[in-house]
Amino acid sequence: AAAMPFVRHQMGTEFIQQQHASLAGERGQPGTDNGMDLEAENQARDQQTPSQQPPRSDLVLVFPYKTRALVKWGEAEMDEDARGLQPPTETEKHKMGTWKSKRSTVLHALSDSGLVLMLYYSRDRDEIFVRVGADVNHLRQVAEMKRYKLELKAQYLSAFAEYKNDYAGRRELNYSDRCVVSHIYKTHLTSAEDKAYPQPGAIFRSGDRIRLIDHIIRASDHNCAGVDVGQLMHDGDLLHYFPMHEHNKLRELDADWFKCFAWGSPQHIDKVRDYYGERIALYFLFMSHLNKWLIVPALVGIVLTCVEGLVHSPDNPTAIVLCVGMGFWAIFFVHFWRRLAATYSLKWGTLGMGKQLEPTRPEFQGVSRINPVTGRVDRYYPWSERIWRVLFSGSVLSVAIICLIFAIMVLFVLRRIFHERSGRLMFQVLNALAVELFNAVFTNVAKWLTDRENHRAYSEYQNHLLAKTVIFKFVNCYISLYYIAFFKDNSYLFNVKMECVGGDCMNDLGSQLAIFMITRLTLQNFLELGLPYFSKFLKNYREGATFNTSLFTNPLTIMPDLSSAEKQSKKEDYDVYEDMDEVLILYGYTTLFVVACPWVPAVSLISSVLECFLDQKK
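Values in this document were obtained by computation on a predicted structure and should not be read as measured data. (Residues numbered from 1 in each chain as written. Predicted model: local features only at pLDDT ≥ 70, side-chain atom pairs only at ≥ 80, totals over all residues. Heavy atoms only, no water.)

Visitor: Which parts of the structure should I look at to understand the overall build of the protein chain?
Guide: In terms of helices and strands, the protein chain carries 19 helices and ten strands. A buried classification covers 42% of the 618 residues belonging to the protein chain. Across the protein chain, contacts joining residues at least 24 apart in sequence account for 69% of those joining residues at least 6 apart. Put simply, the protein chain shows about 33,200 Å² of open surface, and 60% of that area lies on carbon and sulfur atoms. (Helix = DSSP H or I, 4+ residues; strand = E, 2+ residues; numbered from the N terminus. Buried < 20%, exposed > 50% of the residue type's maximum accessible area, 1.4 Å probe, protein only. Contact = heavy atoms within 4.5 Å. Areas by Shrake-Rupley, 256 points an atom, 1.4 Å probe, with all protein chains shown as cover.)

Here's what the structure looks like:
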């Protein structure tokens with residue numbers, strides 16, 4: 001890799017200083033050893049024309065460089081001797097040499113395809129970060145070749161059409177065949193850029209640029225690299241592959257988080273779609289639809305709760321009105337959601353989208369053979385072998401549900417035995433905690449089972465995982481409530497007669513549902529917000545401890561900050577499916593048992609808005 005002109009094996013700070021010095025030389029300003037100050041840098045950048053500015057880096061590839069941070073390897077051996085690093089073993093030399101050879105091949109392919117690369121070490125110098133970008137002309141060529149659809153301007157009904165480059169025409173025909181269509185495509189600008197003249201690349205949204213660059217990296221077409229990202233990650237030759245965040249757009253979304261993620265006004269939900277893509281935008285569109293529709297049941301539920309508190313009638317006079325009203329609410333909620341989803345699918349150009357060939361998951365195991373669709377070497381795993389693993393997963397799911405029912409019934413028996421000692425509330429709280437614990441444990445079990453099934457595509461994997469978790473969580477979250485509502489009164493469990501408090505199971509059902517909702521509102525959201533931050537903090541702490549104690553012998557050495565790309569590589573991957581099944585459980589609590597606790601829609605509304613806030617932070 002040292003022979004390639006676009007590869008610079010140096011620290012990120014050194015790279016930036018050299019770029020500043022060269023930029024200062026071009027502007028006739030003296031460069032310094034410490035680099036250009038921030039004001040001079042901004043002035044020089046503002047003076048650059050769009051053609052001189054380097055393209056934005058939209059994707060990041062992270063390659064392994066050394067097996068351990070304490071190993072001495074690479075061209076900078078003198079520096080690494082001064083840092084007191086250890087010489088590698090023969091096994092480590094062979095492994096790092098293999099990484100270097102494969103990394104050089106990939107970088108050559110990326111450079112030959114016309115992509116713009118910027119390389120730098122990680123803070124511990126054990127990884128190489130490659131930031132990948134593409135200039136506007138390259139994106140336009142690939143978009144035309146790929147027949148990529150872009151949004152048109154409002155005067156053209158905001159429809160989607162395949163991108164076409166302008167054609168200047170032929171001179172011998174006096175340019176009569178000239179075709180200029182670049183003006184019909186919509187430009188996407190941030191709030192700070194609204195008054196500025198749109199640049200040529202403004203017709204591409206963040207998601208468009210990422211998809212096009214990903215196509216250039218993966219595809220074997222003309223001017224494409226043909227890199228098998230899944231195979232590289234499967235073999236351990238590539239550690240991470242992710243898009244870079246645009247912090248100015250993130251700040252704009254965070255500033256209007258309620259309108260963008262919780263309320264979903266047309267202008268703001270389009271911003272979510274432009275940045276995150278259609279799948280994430282549809283999820284938050286559903287959440288905003290749910291929030292709006294929960295307002296009326298929440299207000300009615302609070303009023304009916306106050307009426308019941310004043311009447312003190314055991315006949316529950318408001319139950320019939322509430323049941324009929326929520327029945328119609330559930331019907332119309334689904335109906336209008338279908339209309340809303342179809343409207344935005346048409347608006348976003350995804351309504352008629354068919355199935356597309358998905359890349360192979362890095363975790364997929366199989367025999368290498370020629371893919372008959374792509375004509376490239378790909379891994380293959382026959383369904384005749386997977387079916388046995390699917391049957392095993394079904395068996396484990398059945399046994400888990402049986403054990404779950406048994407554990408819940410034992411809790412009900414213990415509650416009945418200790419009810420005279422004021423143990424009713426304690427066992428209801430214990431039941432709610434057990435439900436959340438079982439959900440967390442089986443989610444990990446379901447991931448392990450789905451990993452064993454060895455699915456090739458992400459959609460297959462997520463569908464099988466979602467089926468397992470939804471079935472288990474449906475039984476786990478609702479079995480207690482169904483038992484209290486329909487079977488508890490005058491029934492027997494393990495030869496113990498069960499009775500409802502005061503002979504009215506509706507009170508039992510209402511209190512248990514209320515505790516379920518409060519537990520989900522507090523404990524689950526706290527863990528959902530805290531665990532990713534704790535995981536990120538733990539990773540940074542471990543790397544920082546290794547950096548401080550092992551890499552440098554001088555105790556006065558100051559640990560540099562992580563680069564933006566390295567910080568992002570430490571974060572957990574966001575999975576919208578995990579949040580979606582939580583919303584389905586919340587929807588079930590709101591509609592199935594609301595008659596026992598009329599104020600539950602109000603709690604659901606608060607929980608849903610809080611879920612939107614937490615999800616947008618992910």
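Visitor: In this structure, what is going on with the nonpolar core? I would like to understand it.
Guide: Where a protein is soluble and globular, its nonpolar side chains tend to be buried together. Counting residues in each nonpolar core, the largest one holds 41 residues, and the members touching the most others are Leu 110, Leu 115, Val 130, Val 132 and Ile 217. Among the elements of the structure, β1 (57–64), α4 (90–112), β2 (116–121), β3 (127–133), α5 (136–146), α6 (206–218) and α7 (229–235) are those that each provide at least two residues to this core. Per-element accounting of this core gives the leading share, five residues, to α4. Formed by 40 residues, the second largest nonpolar core is a distinct cluster that contains Leu 404, Leu 509, Met 517 and Val 603. (Core = buried A, V, L, I, M, F, W, Y, C linked by side-chain atoms within 4.5 Å.)

Visitor: What exactly am I supposed to notice about empty space enclosed by the protein here?
Guide: To locate leftover empty space, one rolls a probe as large as a water molecule over the atoms. Tallied over the full model, the rule gives four cavities of 30 Å³ or more. Considered as a void within the structure, the largest cavity measures approximately 110 Å³ in volume. Put simply, the parts of the chain that give the lining of the largest cavity at least two residues each are α16 (505–551), α18 (576–592) and α19 (600–617). Per-class residue counts for the lining of the largest cavity are three nonpolar, three polar and three charged. By volume, the second largest cavity is sized at about 50 Å³. Forming the walls of the second largest cavity are Leu 411, Phe 412, Arg 415, Phe 427, Asn 431 and Gln 512. Of all elements in the fold, only α13 (383–417) and α14 (424–453) reach the threshold of two or more residues within the lining of the second largest cavity. Counting residues per element, the lining of the second largest cavity draws most heavily on α13, at three residues. Of the residues that constitute the lining of the second largest cavity, the class distribution is three nonpolar, two polar and one charged. (1 Å grid on protein atoms, 1.4 Å probe; cavity = no way out; pocket = protein on both sides within 12 Å on 5 of 7 lines; lining within 4 Å. Points joined across faces, edges and corners; volume = space filled by probe spheres on them. Nonpolar A, V, L, I, M, F, W, Y, C, P; charged D, E, K, R; others polar.)

Visitor: Please explain the state of the cysteines as it appears in this structure.
Guide: Linking two cysteines covalently through their sulfur atoms gives a disulfide. All told, the structure shown has one disulfide when counted by the stated rule. One disulfide bridge connects Cys 500 with Cys 505, the sulfur atoms lying 1.7 Å from each other. Because the sign of the S-S torsion sets the handedness, a value of about 75 degrees for the bond joining Cys 500 and Cys 505 places this disulfide among the right-handed ones. Taken individually, Cys 500 and Cys 505 each receive the classification buried, so the pair is uniform in this respect. (Disulfide = S-S within 2.5 Å.)

Visitor: Can you walk me through the pattern of salt bridges in this structure?
Guide: Oppositely charged side chains can form a pair if their charged atoms are brought close together. Scanning the model with the defined rule gives 29 salt bridges in all. Its salt-bridge partner being Lys 347, residue Asp 270 comes within 2.7 Å of it at the nearest N-O pair. Pair noted here: Asp 270 is in helix α10 (residues 266–276) and Lys 347 is in helix α12 (residues 319–347), with a separation of 77 residues, a long-range link. Notably, a salt bridge pairs Arg 273 with Asp 274, separated by 3.5 Å at the nearest N-O pair. For the pair Arg 273 and Asp 274, a shared accessibility class is recorded, and that class is buried. Overlapping salt bridges, with partners in common, bring together Glu 151, Lys 186, Arg 205, Asp 208, Arg 211, Arg 273, Asp 274 and Glu 278 in one network. (Salt bridge = Lys/Arg side-chain N within 4 Å of Asp/Glu carboxyl O.)

Visitor: Quick question: what am I supposed to make of unusual backbone geometry here?
Guide: Most of the time, phi is negative for any residue but glycine, and the peptide bond is trans. The backbone of Arg 125 shows a phi angle near 60 degrees, a positive value even though the residue is not glycine. Of note in this structure, Asn 454 is not a glycine but carries a positive phi near 60 degrees. Here Asn 454 shows up in the loop between α14 and α15 (458–486). According to the relative accessible area criterion, Asn 454 is buried, its value standing at 4%.

Visitor: What should I look at first to understand the sheet that holds β2 in this one?
Guide: Sheet strands line up and pair through hydrogen bonds in the backbone, either parallel or antiparallel. Spatially, β2-β3-β1-β6 is the arrangement adopted by the four strands of the open sheet, whose pairing is antiparallel. Every other strand in the sheet has two partners, leaving β2 and β6 (240–243) as the edge strands with one partner each. Pairs of neighbouring strands in the sheet enclose a mean axial angle of 20 degrees, with direction left out of account. The pairing of β2 with β3 spans six bridges and is antiparallel. Note that in β3 the partner of Met 118 across the bridge is Arg 131. The strands that α4 touches are β1, β2 and β3; relative to β1, the one it contacts most, it runs at about 160 degrees. Running over the sheet, α6 touches β1, β3 and β6 and is turned about 40 degrees from β1. (Pairing = 2+ DSSP bridges. Axes fitted to C-alpha atoms, helices over the stretch in contact; angles between N-to-C directions.)

Visitor: Explanation requested: the packing of aromatic side chains in the structure shown.
Guide: Centre-to-centre distance and the angle between the planes together describe a pair of aromatic rings. Across all of its chains, the model carries 31 aromatic pairs by this definition. By the ring-pair criterion, three or more aromatic residues cluster together here, those being Phe 286, Trp 293, Trp 329, Phe 332, Phe 333, Phe 336, Trp 337 and Tyr 587. Taking NZ or CZ as reference, Arg 369 lies 3.7 Å from the ring centre of Tyr 380, over its face. Above the plane of the ring of Trp 448 lies Arg 452, whose end atom (NZ or CZ) is 5.7 Å from the centre. (Phe/Tyr/Trp six-rings, centres within 6.5 Å; stacked < 30°, edge-to-face > 60°. Lys NZ or Arg CZ within 6 Å of the ring centre and 35° of its normal.)

Visitor: What should I look at first to understand the confidence of the model for the protein chain in this one?
Guide: Interpretation of the predicted coordinates at a detailed level should be avoided for regions scoring low in pLDDT. With 83% of its residues at a pLDDT of at least 70, the protein chain reaches an overall mean of 82. Note that residues 1–51 has pLDDT below 50 and, in this model, 53 contacts with residues that lie over four places away or in other chains. In this model, residues 549–559 is a region of pLDDT below 50 whose contacts with residues beyond four sequence positions or in other chains number 17 contacts. (pLDDT = per-residue confidence, 0-100.)

Visitor: Mind showing me how you'd approach α6 here?
Guide: Taking 1.5 Å per residue as the helical rise, α6 with its 13 residues ought to reach 18 Å, and the 18 Å between its terminal C-alpha atoms agrees with that figure. Of the positions making up α6, those classed as buried are Ser 206, Gly 207, Asp 208, Arg 209, Leu 212, Ile 213, His 215, Ile 216 and Ile 217. (Expected span 1.5 Å × (residues − 1).)

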